[in-house]
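# A structural walkthrough
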Amino acid sequence: MKEVAVVILNYNGEKFLKDFLGNVVQNSQEADIYVIDNASVDGSLAFVSDNFSDVKIIRLKENLGFAGGYNEGLKEIPNPYFLLLNSDVEVTPNWLTPLILRIKSGQNIVAVQPKILDFRQKDRFEYAGAAGGFLDVFGYAFCRGRVFDSLEADHGQYDDARQIFWATGACLLIKSEIFKEFGGFDARFFAHMEEIDLCWRINNAGLQVFYEPKSTVYHVGGGTLHKSNPFKTFLNYRNNLAMMFKNLPGKYLIPIIFIRMILDGISALKFLKEGSFRDIWAIIRAHFAFYSWIPYLLKNRSSTFYAFPFLLKKSVVFEYFAKTRKTYQEIC
C-alpha cells in the first residue's frame, strides 16, 4: 500500500477516462489509483479493466452522487491520504509531491488543493476552485482567480501557499482519518456544495485547509451537470441553505439565512427576466426541500464555530454587481 490513494469517482464517464486516466497513471507513480463507479451503464469500466490493470475498481450498486459515492467507496480504501480527483482533470508531472509536502508541513493542515487552471484555456483559472475557495457571510462562494463567472488569467498573482476557507472537490488531498472522523461528505447533498460544507466543518473545528500553487492541474469542468441545468440550480440553492444552517453560530443563524432567502428571491427575478422558468421553480423547490431538512440539520449542526471570523463580512453579490469589483484582490 502506498501513502496516497488517487481516487476518481466515475459515472458514465468513459470519454473522460479515455482522455485523462492514462495521464493520471503516468504522473502518479507514487500513488495507488482507484476508480469508484456509481453504477455506470456505459463502457467505462470495461475500458479501465482492459487498459489499466493496476487501477483498482470499486463498484457501487447504485448512483449515490458525488457525496454518497465517495463516502461509500472510500470505506474500502486503507491509504493514509485520499486524493479525490474528478475524471475530467489533466494532471502535470510532479503534481502530487507539493501537495503531500504541504499537508505534512503543519499538524493542523488536513486538506490541500492545487492551482486549478482551465483545460481549454491553460493560462486562465478554472471555475471550480481556481487558487483556493472562500465564502462570504451570506454563503456565496468565490475564489482567488474566480468571482462568479469572472475568471482571471494566471500571471503569478496567486502563487503564494496560504490557508483558504474551502478546497475544490475536483482535486482535493485530505487525510483519510480526518475524512472519516468528520463523517465524510454529507450524503444528503448528493452533489454540489458538499466539499464546502466539509471544509467549513473542518474550519469550525480549528483545523486548516490550504492552497498549494506548486502543484497545477487542468480541469475541463461541467462534466456531470451543465451550469444551466435546473437540477444543478436546485442542488446549489438547497445545499447552500443547508450548509449555512449546519455551520453558522446560533446568534447569526436566523438573520443571515433570512437575508440569504431574500437574495435568492432577487436571483429568481433575474431568472424571470431571462425567461428561465424552470430555474425559478428549482429555487422554490430548493427552499421547501430545505424546510423539510431542518430536523436533520438541527441534529447535525457543528458543535464549535471557529470558522465564523474567516467568513468575508460583506456581500460578494453587492461588491460584484453594484460596485463592479470583479476580482478577489479588488473585493478583499
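For the structure, see preceding data.
Residues numbered from 1 in each chain as written. Predicted model: local features only at pLDDT ≥ 70, side-chain atom pairs only at ≥ 80, totals over all residues. Heavy atoms only, no water.

### Notes on the packing of aromatic side chains
Applying the stated criterion across every chain, the model contains 26 aromatic pairs. Consider the rings of Phe 66 and Tyr 70, whose centres lie 5.0 Å apart with planes at 75°: the pair is edge-to-face. With a gap of four residues between them, Phe 66 and Tyr 70 both fall in helix α3 (residues 65-74), about one helical turn apart. Residues Phe 66 and Tyr 70 agree in their burial class; the two are buried. Positioned above the aromatic ring of Tyr 218, the side-chain terminus of Lys 122 is 4.7 Å from the ring centre. (Phe/Tyr/Trp six-rings, centres within 6.5 Å; stacked < 30°, edge-to-face > 60°. Helix = DSSP H or I, 4+ residues; strand = E, 2+ residues; numbered from the N terminus. Buried < 20%, exposed > 50% of the residue type's maximum accessible area, 1.4 Å probe, protein only. Lys NZ or Arg CZ within 6 Å of the ring centre and 35° of its normal.)

### Observations concerning a nonpolar patch on the surface
Where nonpolar side chains cluster on the molecular surface, the patch consists of Phe 258, Ile 259, Ile 262 and Ile 266 and spans about 380 Å² of accessible area. Within the secondary structure layout, Ile 266 lies in helix α8 (residues 250-274). Its relative accessible area of 48% is what places Ile 266 among the partly exposed residues. (Patch = residues over 30% accessible without salt bridge, like charges linked within 9 Å, V, L, I, M, F, W, Y side chains within 5 Å. Areas by Shrake-Rupley, 256 points an atom, 1.4 Å probe, with all protein chains shown as cover. Salt bridge = Lys/Arg side-chain N within 4 Å of Asp/Glu carboxyl O.)

### Quick notes on the side chain of Ser 302
When you line up the elements, Ser 302 lands in the loop between α9 (277-299) and α10 (316-322). Ser 302 sits in the buried class, given a relative accessible area of 13%. Polar contacts involving the side chain of Ser 302 include one to the side chain of Asn 204, which spans 3.2 Å. The contacts of Ser 302, once residues within four sequence positions are left out, are Arg 201, Asn 204, Lys 246 and Asn 247. (Polar contact = N/O pair within 3.5 Å; in protein donor to acceptor, adjacent residues only side chain to side chain. Contact = heavy atoms within 4.5 Å.)

### Some details on the environment of Tyr 158
With respect to the helices and strands, the residue Tyr 158 is situated in the loop between β10 (150-151) and β11 (162-164). Placed 47 residues apart in sequence, Tyr 158 and Ala 111 show a C-alpha to C-alpha distance of 18 Å. Beyond its immediate stretch of four places on either side in the chain, Tyr 158 contacts Phe 125, Ala 131, Arg 144, Gly 145, Glu 152, Tyr 211, Pro 213, Tyr 328 and Gln 329.

### Here's the deal with unusual backbone geometry
Of note in this structure, Asn 94 is not a glycine but carries a positive phi near 65°. Within the secondary structure, Asn 94 sits in the loop between β5 (89-91) and α4 (96-103). What makes Asn 94 partly exposed here is its relative accessible area of 48%. Even without a glycine there, the phi angle at His 192 is positive, about 80°. By secondary structure assignment, the location of His 192 is in the loop between α5 (176-181) and α6 (194-204).

### Topic: helix α1 (residues 14-26)
The terminal C-alpha atoms of α1 lie 18 Å apart, and with 13 residues this matches the ideal 18 Å at 1.5 Å per residue to within 8%. Where α1 bends most, the angle comes to about 40°, and this point is Phe 20. Three or more residues of α1 are buried, namely Phe 16, Leu 17, Phe 20, Leu 21, Asn 23 and Val 24. Here the buried face of α1 lies against β1 (4-10), β2 (31-37), α2 (44-51), β4 (81-85) and β5. (Expected span 1.5 Å × (residues − 1). Bend = angle between axes of the 7 residues up to and from the residue.)

### Some thoughts on the pattern of salt bridges
The tally for this structure, following the rule as stated, stands at 17 salt bridges. Of the charged contacts, one joins Lys 56 and Asp 32 as a salt bridge, the two residues approaching to 3.9 Å between their closest N and O atoms. Of the two residues, Lys 56 sits in strand β3 (residues 56-59) while Asp 32 sits in strand β2, which places them 24 residues apart along the sequence. Using a relative accessible area of 11% as the deciding quantity, one classes Asp 32 as buried. Here Arg 325 ties to Glu 319 by a salt bridge, and the two come within 2.8 Å at their closest N and O atoms. Linked by salt bridges that have partners in common, Asp 186, Asp 197, Arg 201 and Lys 246 make up one network.

### Here we look at the pairing of strand β6 (residues 109-118)
Along β6, ten of the ten residues are buried, which leaves the element largely enclosed by surrounding structure. Where β6 and strand β13 (residues 208-219) come together, nine bridges link them in parallel fashion. Bridged to Asp 118 within β13 is His 219. Of the strand pairs in this sheet, β6 and strand β12 (residues 171-175) are connected by two bridges, and their pairing is antiparallel. Its bridge partner lying in β12, Ala 111 is registered against Ile 174. (Pairing = 2+ DSSP bridges.)

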